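The primary structure of each chain is shown beneath.
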Amino acid sequence: MSNTVEINSEHLRELENEAIFVMREIAAQFERPVLLFSGGKDSILLVHLAKKAFWPGKIPFPLLHIDTGHNFEETLEYRDNLAKELGVELIVAKVQDSIDQGRVVEEKGVNASRNRLQTVTLLDAVEDLKADAAIGGGRRDEEKARAKERFFSHRDEFGQWDPKNQRPELWNIFNGRKNMGEHFRVFPISNWTELDVWQYILQEEIELPSLYYTHKRKCFNRDGTWLAYAPFMQLKPTEEVVERDVRCRTIGDISCTGLTLSTANNLNDIVTEIAASRITERGGRYDDKRSEAAMEDRKKEGYF
């Protein structure tokens, strides 16, 4: 039986209050915000916080999911059930449509991924919806490029981010002014750590996709990273598909979502595992290993 972990409820309440304040600022300053929903724990947390921020009313903005076409089935099922349960509008923009329209070219080869292609689909969706703010679950502890970002992250008319041109946020005063065609990415849980997220999920008893808990899955090891096997994936001659007890620590496109060998099958065990881990959350994300500045390059192009 798992030992019950200790939770600093006061610390979590401060983070919750801060995130709710940012959520309400979004509703006050922007006319057409959307909440970027991936089906991962951070976007699920955002939905939970938005529900609290505007209770007893409904969440006042739609969920926008950028569907790569290579998502885990468990993620899509959870997404649809959550939107139905909350009665919130769900908008799905598909990378496959961007490919069919010639907006992007699908990668080829063993390392092919649709993860980078999401940028064009996302920017097109933001433009089509005339969204002036896109709420994301980015946190500063995830990756060094995200550590540079403010709560309100300005994007120019091309959807691009300039890390050298960010607005001050003294005393939690957020400047959402923009010109025609520009928009903001807003990150209400910027100051949360991965452990904070998991402890809050445990405290609030938030339901998650089964992918986050240990389960048996066919997978293979590529350059030290365990990846889930899917029929569309091309294997190297030296790679072998085996069945392992694994769980997801962070969820994205199947082609780049690293799996963790684990026995953690409940929230207590996951919190204990994360607290003891010396590997960062995105340490298993295969797409981040393409270059030293992979994340920052994608963010400058308009990525999440």
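Residues numbered from 1 in each chain as written. Predicted model: local features only at pLDDT ≥ 70, side-chain atom pairs only at ≥ 80, totals over all residues. Heavy atoms only, no water.

Undergrad: Explain the pattern of salt bridges residue by residue, including any values.
TA: Under the definition given, this model contains 17 salt bridges. As a salt-bridge pair, Arg 139 and Asp 141 come within 3.0 Å of each other at their nearest N and O atoms. Judged by its relative accessible area of 1%, Arg 139 is buried. Beyond isolated ion pairs, a larger network of salt bridges with shared partners links Arg 13, Glu 16, Lys 52 and Glu 204. (Salt bridge = Lys/Arg side-chain N within 4 Å of Asp/Glu carboxyl O. Buried < 20%, exposed > 50% of the residue type's maximum accessible area, 1.4 Å probe, protein only.)

Undergrad: A description of the domain arrangement of the protein should follow, citing residues and the corresponding values.
TA: Split into domains, the protein comes out as domain 1 (9-195 + 292-301) and domain 2 (208-288). When each unit is reduced to the centre of its C-alpha atoms, the spacing between domain 1 and domain 2 is 23 Å. Listed per partner, the contact involves 28 residues of domain 1 and 30 residues of domain 2. Overall, the association of domain 1 and domain 2 removes approximately 2400 Å² of surface from exposure, summing both partners, and the carbon and sulfur fraction of that is 55%. Along the contact surface separating domain 1 from domain 2 lie 2 salt bridges. With a closest N to O distance of 2.8 Å, Arg 217 and Glu 74 form a salt bridge. Here domain 1 and domain 2 share 7 residue pairs in polar contact (both at pLDDT 80 or more) between them. Breaking the side of domain 1 that touches domain 2 down by element, the ones donating at least two residues are helix H2 (41-53), helix H3 (73-86), helix H6 (194-204) and helix H8 (294-301). (Domains from an automatic or database assignment. Contact = heavy atoms within 4.5 Å. Buried area = accessible area lost by both parts, 1.4 Å probe. Polar contact = N/O pair within 3.5 Å; in protein donor to acceptor, adjacent residues only side chain to side chain. Helix = DSSP H or I, 4+ residues; strand = E, 2+ residues; numbered from the N terminus.)

Undergrad: Lay out the pairing of strand S8 (residues 225-228) with the relevant residues and their values.
TA: Regular strands have side chains that alternate between both faces of the sheet. Side chains of S8 alternate between two faces, with Thr 225 and Leu 227 and Trp 226 and Ala 228 buried alike. Two elements, strand S7 (residues 215-222) and S8, share 4 bridges in a ladder whose sense is antiparallel. Residue Cys 219 lies in a different strand from S8, and its bridge partner there is Ala 228. If you look at the hairpin formed by S7 and S8, you'll find 2 residues sitting between the two strands, and Asp 223 has a positive phi there, around 55°. One ladder, built from 2 bridges, connects S8 with strand S10 (residues 258-261); its direction is antiparallel. Residue pairing across strands places Trp 226 opposite Leu 259, the latter belonging to S10. (Pairing = 2+ DSSP bridges.)

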